[in-house]
Amino acid sequence: MILIKLGGSVITDKGRYRTFKEDVVRRLAREIVSSEERTMIVHGAGSFGHVIAKKYALQNGMVSDDQARGISQVTSDVRELDALVIKALSDEEIEAVSIVPGSSATLREGKLHTLDVGKFHDYYALGITPVTFGDVVLDEVRGIGICSGDQLIARLAEEFRPDKVIFVTDVDGVFTCDPRLDGKAKLIEEIDRKVLDELPRSEWCDDVTGSIFAKLEYMLSIATSTKEVMIINGNEHGRLAAAMTGSELICSRVRGA
Ligand code: IP8
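Let me sum up the structure you'll find in this document. (Residues numbered from 1 in each chain as written. Predicted model: local features only at pLDDT ≥ 70, side-chain atom pairs only at ≥ 80, totals over all residues. Heavy atoms only, no water.)

Comments concerning the sheet that holds strand 2 (residues 39–43)
What the 8 strands build is an open sheet, ordered 3-6-2-1-9-13-14-12; its pairing is mixed. Both edges of this open sheet fall to strand 3 (96–98) and strand 12 (190–191), since each of them pairs with a single strand only. Of the strand pairs in this sheet, strand 9 (residues 164–169) and strand 13 (residues 228–233) are connected by 6 bridges, and their pairing is parallel. The residue of strand 13 that forms the bridge with Ile-166 is Met-230. (Pairing = 2+ DSSP bridges. Helix = DSSP H or I, 4+ residues; strand = E, 2+ residues; numbered from the N terminus.)

The following block contains the structure:
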């Protein structure tokens, strides 16, 4: 089984509120089908989640009554995105069912605390592809919080021990510095703890769930128990299929301890 994270940057236009990239998701779905592998899919929130979640600081917990509006709005927006993803997958003949974190997970101080993994087992056993996504989730301590797709995929990797975990993003992998700002940026083909610790840090980011460094920490922890953890560019046709079938491709691989 292959666990796939469809990043918010590839399935939505992050610069335009609630803009779904249907063509990209449908093509990625076709690549998944062509691999003939069974999968579970997690997707990010992109412009359906981060903008409003940040405006209402939902990642900090419930600190003011005004946040109720943000909770309702973001919850509604990410479910709308999820319905679009499920429809696109289904149109390409991936029979998928959504497992909604808001009603099957809890957080404790911002960290994923419980997740009803039984539902994933049961749908998977029925031959269905379970899909879940970054969502607004109740927090036992803070009242409310944001559960990222990365937290969910880390928990699912622990539970299901997939053959591979593939992070589908809008870049070729991890670079020595930001390739959009520096022409000398080099793709890092293999990342481990040592390489990560030596990377120049810039924690700036638009996401309420953290910078690339926060994401890489999740990937490193997944890599301790999963043989192959890859970061690939989903905008490049054929890369997801290549990653799934073990063909040569441009990507970064994350190695555990
Ligand atoms: O896009 C964030 O999940 P991510 C979820 O996987 C929300 O980091 C609601 C912003």
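Having seen the structure, we can now continue with the description.
Notes on the site of the ligand
In the vicinity of the ligand there are 14 residues, among which Lys-5, Ala-45, His-50, Gly-149 and Thr-209 approach most closely. The separation between an oxygen atom of the ligand and a polar main-chain atom of Gly-149 is 2.8 Å. Within the side chain of Thr-209, a nitrogen or oxygen atom sits 2.5 Å from an oxygen atom of the ligand. Residues belonging to the shell around the ligand are distributed by class as follows: 5 nonpolar, 7 polar and 2 charged. (Near = heavy atom within 4 Å. Polar contact = N/O pair within 3.5 Å; in protein donor to acceptor, adjacent residues only side chain to side chain. Nonpolar A, V, L, I, M, F, W, Y, C, P; charged D, E, K, R; others polar.)

Overview of the side chain of Gln-67
The topology assignment puts Gln-67 in helix 4 (residues 67–91). What makes Gln-67 buried here is its relative accessible area of 3%. In this structure the side chain of Gln-67 is engaged in a polar contact, spanning 2.9 Å, whose partner is the backbone oxygen of Gly-61. Each residue touching Gln-67, except ones within four places of it in the same chain, is listed here: Tyr-56, Ala-57, Leu-58, Gly-61 and Met-62. (Buried < 20%, exposed > 50% of the residue type's maximum accessible area, 1.4 Å probe, protein only. Contact = heavy atoms within 4.5 Å.)

As for the environment of Pro-101
As for its position among the elements, Pro-101 is in helix 5 (residues 101–104). When its relative accessible area of 0% is taken as the criterion, Pro-101 is described as buried. When the C-alpha positions of Pro-101 and Gly-183 are compared, they lie 40 Å apart, and in sequence the two are 82 residues distant. Not counting residues within four places of it along the chain, the set of residues in contact with Pro-101 comprises Thr-132, Phe-133, Asp-135, Val-137 and Leu-152.

Side note on the nonpolar core
Leu-3, Leu-115, Val-165, Phe-167, Ile-222, Val-229 and Ile-231 are the most contacted members of the largest nonpolar core, which totals 36 residues. Those elements that place two or more of their residues in this core are strand 2, strand 4 (105–108), strand 5 (111–115), helix 6 (117–125), helix 7 (149–160), strand 9, helix 9 (212–223) and strand 13. Ranked by size, the runner-up nonpolar core spans 31 residues in total, among them Ala-88, Ile-166, Leu-240 and Ala-242. (Core = buried A, V, L, I, M, F, W, Y, C linked by side-chain atoms within 4.5 Å.)

Topic: the packing of aromatic side chains
One pair of aromatic rings is described through two measures. These are the centre distance and the angle between the planes. Following the criterion strictly, the structure yields 0 aromatic pairs and no others. In this structure, Arg-38 packs its charged tip against the face of Tyr-124, placed 3.7 Å from the ring centre. (Phe/Tyr/Trp six-rings, centres within 6.5 Å; stacked < 30°, edge-to-face > 60°. Lys NZ or Arg CZ within 6 Å of the ring centre and 35° of its normal.)

Quick notes on helix 7
Here helix 7 is 12 residues long and its end C-alpha atoms lie 16 Å apart, about the 16 Å a rise of 1.5 Å per residue gives. Of all 12 residues in helix 7, 9 are buried; the element is thus mostly enclosed. All of the buried residues in helix 7 are Gly-149, Asp-150, Gln-151, Leu-152, Ile-153, Ala-154, Leu-156, Ala-157 and Phe-160. With its phi angle positive at about 45°, Arg-161 sits one or two positions after the end of helix 7. (Expected span 1.5 Å × (residues − 1).)

Everything listed here is a matter of coordinates, which is why it stays silent on function.
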